[in-house]
Amino acid sequence: MNLENVSDMYCDVLKEIGNIGAGNATTAIASMLGVKVDMKVPSVKFMDVSEMGGALGDEEAMVVGIFLEVELDINGSMMFIMDMDSAHFLVNSLMMRDKSYMEDFDEMDLSAIKEIGNIIAASYLSALSGLTGMTISPSVPYLAIDMAAAILSVPAIQFGVMGDNALMIQTEFGDDYQVKGSFILMPDEDSYDKILKSLGVVM
């Protein structure tokens, strides 16, 4: 399966999953923080894995990456990536600290980031499960803080064995401050077929 033989209909469905997932995630984060947030229309792209680094911008920029595997009816991996300012903003909001606090993350901060990742991942997977009727379970999340290129090399290497394509959803949400994040879903090739069949899309 490659980009050339993915139908426009399938791409539209993937984008709708991205839109619904982004909305679910924004609502969940707003509830967790106890604030009202507005979400910009997310950018949803179905792309070659090799293009992901450039799509994020500066590959040498430090980012926070939350990586987990998905299993049961579909298999693959997913990742949520935030720039450092967004990660600090979310953690400071959770910890009820001054928004200008920019010290290195301690163990409690890292646990908070993992929980944020869990909520965001669950929101996206819930959207995918709701549209396909499939049961999808995420693994315990893995957290890394590194340059974007290094963060992306982990799923790219692992996913290179499975396939060539990934769904990238870039979103912004917030009130006075806009949190920027990128969600990457990478099902294996068999799972793409399952998703297609569940949606009634014929290739």
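Below or above, wherever it landed, is the structure these notes cover. For clarity, every value in this text was computed on a predicted model and none was experimentally measured.

We now examine the nonpolar core. Among the nonpolar cores identified, the biggest contains 37 residues, and Ile29, Met78, Met82 and Leu90 are the most heavily contacted of them. Elements represented by at least two residues in this core include exactly helix H1 (8-33), strand S3 (62-72), strand S4 (76-83), helix H3 (84-95), helix H4 (107-132), strand S7 (165-174) and strand S8 (178-187). Per-element tally for this core: the top contributor is H4, with eight residues. Listed in part, the twelve residues of the second largest apolar core include Ala148, Ile151, Ile184 and Met186.

In this structure the tally under the stated criterion is one salt bridge. Between Asp109 and Arg97 there is a salt bridge whose closest N-O contact spans 3.1 Å. Taken together, the residues Asp109 in helix H4 and Arg97 in the loop between H3 and H4 connect sequence positions twelve residues apart. When its relative accessible area of 1% is taken as the criterion, Asp109 is described as buried. By relative accessible area, Arg97 is classed as partly exposed at 22%.

Criteria and cut-off values
- All chains use their own residue numbering, which begins from 1 and follows the written sequence.
- pLDDT decides what is reported in this predicted model: residues at 70 or higher carry local features, side-chain atom pairs at 80 or more are listed and counted, and totals for whole chains, interfaces and linings draw on all residues regardless.
- The basis for the side-chain values is all heavy atoms of the structure; hydrogens and waters are excluded.
- What is meant by a nonpolar core is a set of buried Ala, Val, Leu, Ile, Met, Phe, Trp, Tyr and Cys residues, joined one to another through side-chain atoms within 4.5 Å.
- In this scheme, a residue with accessible area under 20% of its type's maximum is buried, one over 50% is exposed, and one in between is partly exposed, where area comes from a 1.4 Å probe on protein chains only.
- Strands are runs of DSSP state E lasting at least 2 residues, helices are runs of H or I lasting at least 4, and numbering of each runs from the N terminus.
- Whenever a carboxyl oxygen of Asp or Glu lies within 4 Å of a side-chain nitrogen of Lys or Arg, that contact is scored as a salt bridge.

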